[in-house]
Amino acid sequence: MAIRNAARAAPRRIALTVVAAFLGTLSAPAPAEAPLTLGEAQRSAVERSRQLAALDSSINAAREMAVAAGQLPDAVAKLQLNNLPVNGEDRFSLTRDFMTMRSVGVMQELTRAEKRQARADRLEREADKSIVEKSVTIAAIQRDTALAWLDRYFAEATAAIVDEQSRAAEAEIEAAEGAYRAGRGNLADVLTARSALFALDDRASEIKRRVSTARIALARWVGERAGAPLAGRPPIDAIRLDLHELDADLAHHPEIAVLARKEEIAAAEVRVAQANKKADWSIELMYSQRGPAYSNMVSVGISVPLQWDQKNRQDRELASKLAMLDQARAEREDMLRAHGAEVRAMIAEWENNRERSARYARDLVPLASERTQATLSAYRGAKASINDVLMARRNEIEVRVQALQLEMDTGRLWARLYFLAPDTSAAPPAAATPTKELQ
């Protein structure tokens, strides 16, 4: 009997176990989303870019056209009916008049290899320019993604500061209310503390809007991952530029390289114009059939363009292309100078911001925090008023937010300097130690 009861209970226990396991899967917490690093955000932005796909198509189009430009022009097939009578006894007859001929022929323009190669080279330079423009686009995507990532990072760090201060303000309200009930304080202190909390709440709402805007901006680059938690910020105290070799480095940077490719295109167009000063010949072969009573004929012809006015046509075209080459060279040199001055100014500002950030972290933020704690202790000992506490608290918030704003400005300058050229390294900038506000 006991064995039979145990056998009957076994299926029930199995069913209960399955149901419990199912309910456990429903109630189990979802796995935490992995933090979004700056390198992952940039890779995602590059992969999602349609502008890069458009540039790839432009490169392929130029390569294909370069191959086509290197070939001889298509031969021309010719069919002719010559000297057909239109009146008299032989009108519209194809065979009775000895001059009537039905002709079939082919004509080929013999474009010189030098000219065809010059045209192909010009299109190859177009493809090279598109390749460099792709590098410019990748650098811009990485830079703008870094800026959006950093904007969200520092907006959330600012929100954390205000949230921390709001919790401290709530504790101060409780202390003021307790002192008021015990007869050691007055109602004005309570109202002042509440007013300070409401001001913090309003500031928190504004910062919340900034966080939301920053997430929307980041979503433009990374899509759905824009809402993921962020990893630690990258090391914004190191860039890839050397002031002693800045001019040499900038000469190879993508934006300058694009102008260099435009200069190469202009030089290729000069070579095409020089080749155009020599005319291309055309050769024609034709077979003509006449009536059965007459002999058939073969014709051979050569056509040569007569460049009677080279001074006002071919020479003018060549002079125009030479002027465009000078223009491209001057634009590249001017851009290099302007870019060098702009980058040097950004480096100087970045270094100054780093120095100021170190001062804030070493001196100003600790002093503001110590002042708040000292004022709070004095208030608890009835040696300071609630206004003194709120003033010290407000000063601490401002100092910490200013330090964070300065760090954000430093990070934005770092992003613009670090991603002047695409970062093709296997390992993107590693995350630095989180700032104190985010720990």
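Before reading further, recall that the structure is shown in the block above.
Each value, and the rule that gives it
Residues numbered from 1 in each chain as written. Predicted model: local features only at pLDDT ≥ 70, side-chain atom pairs only at ≥ 80, totals over all residues. Heavy atoms only, no water. Helix = DSSP H or I, 4+ residues; strand = E, 2+ residues; numbered from the N terminus. Buried < 20%, exposed > 50% of the residue type's maximum accessible area, 1.4 Å probe, protein only. Contact = heavy atoms within 4.5 Å. Areas by Shrake-Rupley, 256 points an atom, 1.4 Å probe, with all protein chains shown as cover. Phe/Tyr/Trp six-rings, centres within 6.5 Å; stacked < 30°, edge-to-face > 60°. Lys NZ or Arg CZ within 6 Å of the ring centre and 35° of its normal. Core = buried A, V, L, I, M, F, W, Y, C linked by side-chain atoms within 4.5 Å. Axes fitted to C-alpha atoms, helices over the stretch in contact; angles between N-to-C directions. Parallel < 35°, antiparallel > 145°, perpendicular 65-115°, else oblique. Nonpolar A, V, L, I, M, F, W, Y, C, P; charged D, E, K, R; others polar. Pairing = 2+ DSSP bridges.

A few points about the overall build of the protein
Here comes step 1: Helix and strand content of the protein: nine helices and four strands.
Here comes step 2: For the protein, the N- to C-terminal ordering of α and β elements is α-α-α-β-β-α-α-α-α-β-β-α-α.
Here comes step 3: Expressed as a percentage of its 439 residues, the buried residues of the protein come to 36%.
Here comes step 4: Looking at the protein alone, contacts between residues at least 24 apart form 82% of all its contacts between residues at least 6 apart.
Here comes step 5: On the protein, roughly 25800 Å² of surface is accessible, and the fraction owed to carbon and sulfur atoms is 55%.

A short note on the packing of aromatic side chains
Here comes step 1: Taken as a whole, this structure holds six aromatic pairs when the rule is applied.
Here comes step 2: One aromatic cluster in this structure is built from W149, Y153 and F154.
Here comes step 3: For the cation-ring pair, R220 lies above W221, with the distance from its terminal atom to the ring centre recorded as 3.9 Å.
Here comes step 4: When the ring centre of W350 is taken as origin, the NZ or CZ atom of R354, which lies over that ring, is 4.7 Å away.

Thoughts on the nonpolar core
Here comes step 1: Formed by 58 residues in total, the largest nonpolar core has its most connected members in L36, W149, L218, L241, V343, W414 and L417.
Here comes step 2: Where this core is concerned, the elements lending two or more residues are α2 (38-48), α4 (113-181), α5 (187-222), α6 (246-251), α8 (314-380) and α9 (386-418).
Here comes step 3: The dominant element in this core, judged by the number of residues it contributes, is α4, at 15 residues.

Considering the packing of helix α7 (residues 254-275) against α8
Here comes step 1: α8 packs onto α7 with a crossing angle of 170° between their chain directions and a minimal axis gap of 8 Å. By the angle between their directions, the pair α7 and α8 is classed as roughly antiparallel.
Here comes step 2: Partitioned by chemical class, the residues of the contact of α7 with α8 number 14 nonpolar, two polar and nine charged.

With respect to the sheet that holds strand β4 (residues 297-303)
Here comes step 1: What the four strands build is an open sheet, ordered β1-β2-β3-β4; its pairing is antiparallel. The sheet is open, and its two borders are formed by β1 (76-82) and β4, each paired with just one other strand. Neighbour-to-neighbour, the strand axes of the sheet open up by a mean angle of 20°, direction not taken into account.

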